[in-house]
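Each chain, written out:
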Amino acid sequence: DAGVTQSPTHLIKTRGQQVTLRCSPKSGHDTVSWYQQALGQGPQFIFQYYEEEERQRGNFPDRFSGHQFPNYSSELNVNALLLGDSALYLCASSPAGETQYFGPGTRLLVL
Amino acid sequence: QQQVKQSPQSLIVQKGGISIINCAYENTAFDYFPWYQQFPGKGPALLIAIRPDVSEKKEGRFTISFNKSAKQFSLHIMDSQPGDSATYFCAASRDAGNMLTFGGGTRLMVKP
């Protein structure tokens, strides 16, 4: 049984560009959450998707947007990239209301 | 009110010793407290979690102690092994499926 998968594993972009990160949840999980983890810090919640709707949102600007598809997979989009957006982006999936399991993350470097 | 404070930032323990990591929270609405283990280049992996209706939960060498009145909880790793060397994060949320608020992390090194 595959766990949470994310693509790509690494990504390099330049300031001002746009990026799309992808997440496939664990089988049987219908809720997907996205977190940003800066180097040496704990993950910070970006938003959560359930039934293709954004259900909760953390303290992140509108440059961060997302989408959930009917098969429960999800995308995180970041527009107008800043140097400070360099981080490990983590996807976590869960059955609704239950424990979250994290994927390996996508390492984004903005130059 | 959403903060979770974790200490120490780093910890060195001899093989076979006990590793203790502490966390404190402010939001009394939190009712789910997981601990995650993260190795370099990997995502966090759930170790053990507790709800405030119990004061202690044990799974193998890992024990969570919970003090609701003090709004504190801690992770004890018994018989620490070099393979336990990793970064540990405490977290809290209103329920298991809601947004997790993480502590700053503790980098544990277990010396052989």
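Thresholds, definitions, all that
- Residues numbered from 1 in each chain as written.
- Chains lettered and ligands numbered in written order.
- Predicted model: local features only at pLDDT ≥ 70, side-chain atom pairs only at ≥ 80, totals over all residues.
- Heavy atoms only, no water.
- Helix = DSSP H or I, 4+ residues; strand = E, 2+ residues; numbered from the N terminus.
- Rg over C-alpha atoms; globule rule 2.2 N^0.38 Å.
- Buried < 20%, exposed > 50% of the residue type's maximum accessible area, 1.4 Å probe, protein only.
- Areas by Shrake-Rupley, 256 points an atom, 1.4 Å probe, with all protein chains shown as cover.
- Lys, Arg positive; Asp, Glu negative; His and termini not counted.
- Charge placed at Lys NZ, Arg CZ, Asp CG, Glu CD.
- Pairing = 2+ DSSP bridges.
- Axes fitted to C-alpha atoms, helices over the stretch in contact; angles between N-to-C directions.
- Salt bridge = Lys/Arg side-chain N within 4 Å of Asp/Glu carboxyl O.
- Core = buried A, V, L, I, M, F, W, Y, C linked by side-chain atoms within 4.5 Å.
- Phe/Tyr/Trp six-rings, centres within 6.5 Å; stacked < 30°, edge-to-face > 60°.
- Lys NZ or Arg CZ within 6 Å of the ring centre and 35° of its normal.

A. Spotlight on the overall build of chain B. Each helix and strand in chain B was counted, giving zero helices and eleven strands. Ordering the α and β elements of chain B from the N terminus gives β-β-β-β-β-β-β-β-β-β-β. The globule rule puts the C-alpha radius of gyration for 112 residues at 13 Å, and the 13 Å found for chain B is close to it. Viewed in the frame of its principal axes, chain B has a C-alpha envelope of about 40 × 30 × 20 Å. In chain B, buried positions account for 46% of the 112 residues. Accessible surface for chain B amounts to roughly 5400 Å². Of this, 49% is attributable to carbon and sulfur atoms. Taking the average place of the 12 positive charges on the side chains of chain B and the average place of its 8 negative ones, the gap between the two points comes to 6 Å.

B. Local environment of the sheet that holds strand β6 (residues 56-59) of chain B. Residues and elements named next belong to chain B. Read across the open sheet, the five strands follow the order β1-β3-β8-β7-β6; overall the sheet is antiparallel. Edge positions in the open sheet fall to β1 (4-7) and β6, since each of these has one partner strand only. The mean inter-strand angle of the sheet, taken between neighbouring strand axes irrespective of direction, is 15°. For β6 and strand β7 (residues 62-67), the ladder comprises four bridges, and the chain directions are antiparallel. Residue K58 lies in a different strand from β7, and its bridge partner there is T63.

C. Expanded view of the pattern of salt bridges. Residues and elements named next belong to chain B. Per the counting criterion, the structure on display carries five salt bridges over all chains. Notably, a salt bridge pairs R61 with D84, separated by 2.8 Å at the nearest N-O pair. Pair noted here: R61 is in the loop between β6 and β7 and D84 is in the loop between β8 (72-77) and β9 (86-92), with a separation of 23 residues, a long-range link. What makes R61 partly exposed here is its relative accessible area of 27%. Judged by its relative accessible area of 5%, D84 is buried.

D. Just the sheet that holds strand β7 (residues 64-68) of chain A, in detail. All names here are of chain A. One open sheet holds the four strands; their spatial order is β1-β3-β8-β7, and the pairing between them is antiparallel. Single-partner strands in this sheet number two, and they are β1 (5-7) and β7. Ignoring which end each strand starts from, the neighbouring axes of this sheet average 20° apart. Where β1 lies against strand β3 (residues 19-24), three bridges are found, and the strand directions are antiparallel. When the sheet's bridge partners are listed, Q6 is paired in β3 with C23.

E. A look at the nonpolar core. If you look at the biggest cluster of nonpolar residues, it comprises 24 residues, and the most contacted ones within it are F33, W35, F73, L75 and Y88 of chain B. Among the elements of the structure, β2 (10-14), β3 (19-25), β4 (33-38), β5 (45-50), β7, β8, β9 and β11 (106-111) of chain B are those that each provide at least two residues to this core. A per-element tally of this core places β9 of chain B first, with four residues. One finds V19, I46, F47 and Y89 of chain A within the second-largest nonpolar core, a separate group that totals 20 residues.

F. Highlighting the packing of aromatic side chains. Scanning the entire structure with this criterion turns up 17 aromatic pairs over all chains. With 5.5 Å between their ring centres and 70° between their planes, Y35 of chain A and F45 of chain A make a pair best called edge-to-face. With a gap of ten residues between them, Y35 of chain A in strand β4 (residues 31-37) and F45 of chain A in strand β5 (residues 44-50) connect regions that are remote in the sequence. Take Y35 of chain A and F45 of chain A: they sit in the same class, and that class is buried. Residues Y25 of chain B and F30 of chain B carry aromatic rings whose centres are separated by 6.3 Å and whose planes lie at 55° to one another, so their mutual orientation is tilted. Here Y25 of chain B falls in the buried class, since its relative accessible area comes to 6%. What makes F30 of chain B buried here is its relative accessible area of 5%. Taken together, the aromatic side chains of Y35, F45 and F102 of chain A together with Y36, F89 and F102 of chain B make up a single cluster linked through ring pairs. Positioned over the ring face of Y50 of chain A is R55 of chain A, at 5.3 Å from the centre of the ring.

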